[in-house]
Amino acid sequence: MPRTEVFDREEVLEKAKNIFWFKGYNGTSMQDLVDATGLNRSSIYNSFGNKMELYLQTLKKYQGDISDLFDKANKQERNAIETIGLIFLYVLEDILEDTEEKGCMLINCRTEMGNHDNQLHELLEADQERLLGIFQNLVSQGQAEGSILTGEKSELLAYYLVNAFQGFRISGMNIKDTVILKSIIQNILKTIAR
């Protein structure tokens, strides 16, 4: 008979996510996970599988957190260029709150582990496609309403925005000056605005 979990799974995933996010996959030991979650090794293995399976689950949890950011911006019912600006402003808030300079967990994963595991590679590729799709939909909407340049294909502008978004996340690890970061956002928006 399978054992029943006697802990809050989401709370444990959150704690494991934070330790992986701060130390990376290779820098995180099983003892770190035991210390962070309060579970013993056998409970971690029985409930989450091996270390890589737990890491994948924490990345998916992080993806959900990022999706919430995009949903929050889309719910504001603004035009496309303003929605894109809100997305970057919400990321700016995250950057300023990131006192440990952890950056983006997905970008960290890509640079550390992206080519070392097929499951990770697939997760990261799917996330890239999702991000591209979100920005392409916003660009198409903006082109239709007249707030975004129409002389360029929506797909190409979406690739630009994905690149800018990821670069902004990386810059935010080193730059905490709100004026500079807001200036970067304004320049990104100027590049695509009509």
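Conventions we followed
- Residues numbered from 1 in each chain as written.
- Predicted model: local features only at pLDDT ≥ 70, side-chain atom pairs only at ≥ 80, totals over all residues.
- Heavy atoms only, no water.
- Helix = DSSP H or I, 4+ residues; strand = E, 2+ residues; numbered from the N terminus.
- Contact = heavy atoms within 4.5 Å.
- Lys, Arg positive; Asp, Glu negative; His and termini not counted.
- Charge placed at Lys NZ, Arg CZ, Asp CG, Glu CD.
- Salt bridge = Lys/Arg side-chain N within 4 Å of Asp/Glu carboxyl O.
- Buried < 20%, exposed > 50% of the residue type's maximum accessible area, 1.4 Å probe, protein only.
- Core = buried A, V, L, I, M, F, W, Y, C linked by side-chain atoms within 4.5 Å.

Undergrad: Explain the overall build of the chain residue by residue, including any values.
TA: Within the chain, the regular secondary structure consists of nine helices and zero strands. Going from N to C terminus, the chain has its helices and strands arranged as α-α-α-α-α-α-α-α-α. Taken along the three principal axes of its C-alpha coordinates, the chain extends 60 × 35 × 30 Å. Once local pairs closer than 6 in sequence are excluded, the contacts in the chain between residues at least 24 apart make up 69%. Averaging the positions of the 21 positive and the 29 negative side-chain charges in the chain gives two centres separated by 1 Å.

Undergrad: Mind laying out the pattern of salt bridges, listing which residues take part and the relevant values?
TA: Throughout the structure, instances matching the rule amount to nine salt bridges. A salt bridge links Lys102 to Glu100; the shortest N-O distance between them is 3.6 Å. Lys102 sits in the buried class, given a relative accessible area of 14%. Assessed through its relative accessible area of 47%, Glu100 is described here as partly exposed. Here Asp127 and Arg130 are joined by a salt bridge, their closest N and O atoms 2.8 Å apart. Separated by three residues within a single helix, Asp127 and Arg130 lie in helix H7 (residues 118-145), roughly one turn from each other. When its relative accessible area of 10% is taken as the criterion, Asp127 is described as buried. Given a relative accessible area of 26%, Arg130 falls into the partly exposed group. Through salt bridges with shared partners, a single ionic network connects Glu10, Glu14, Lys17, Lys61 and Asp65.

Undergrad: A description of the nonpolar core should follow, citing residues and the corresponding values.
TA: The biggest cluster of nonpolar side chains holds 61 residues, and the ones touching the most others in it are Tyr55, Phe70, Ile84, Phe88 and Phe135. In this structure, Phe88 is in contact with Phe135, Leu161, Ala164, Phe165, Phe168, Ile185 and Ile188, ignoring residues within four places of it in sequence.

Undergrad: I'd like to hear about the environment of Glu101, residue by residue, with values.
TA: Looking at the secondary structure, you find Glu101 in the loop between helix H5 (80-97) and helix H6 (105-113). For the pair Glu101 and Ile175, spaced 74 residues apart in sequence, the C-alpha to C-alpha distance is 9.8 Å. The residues touching Glu101, leaving out its near neighbours within four places in the chain, are Met173 and Lys176.

Undergrad: Explain the side chain of Ser154 residue by residue, including any values.
TA: With respect to the helices and strands, Ser154 occurs in helix H8 (residues 154-174). Looking at Ser154, the relative accessible area reads 14%, which means it is buried. Apart from the residues within four sequence positions on either side, Ser154 is in contact with Gln136, Val139, Ser140 and Gln143.

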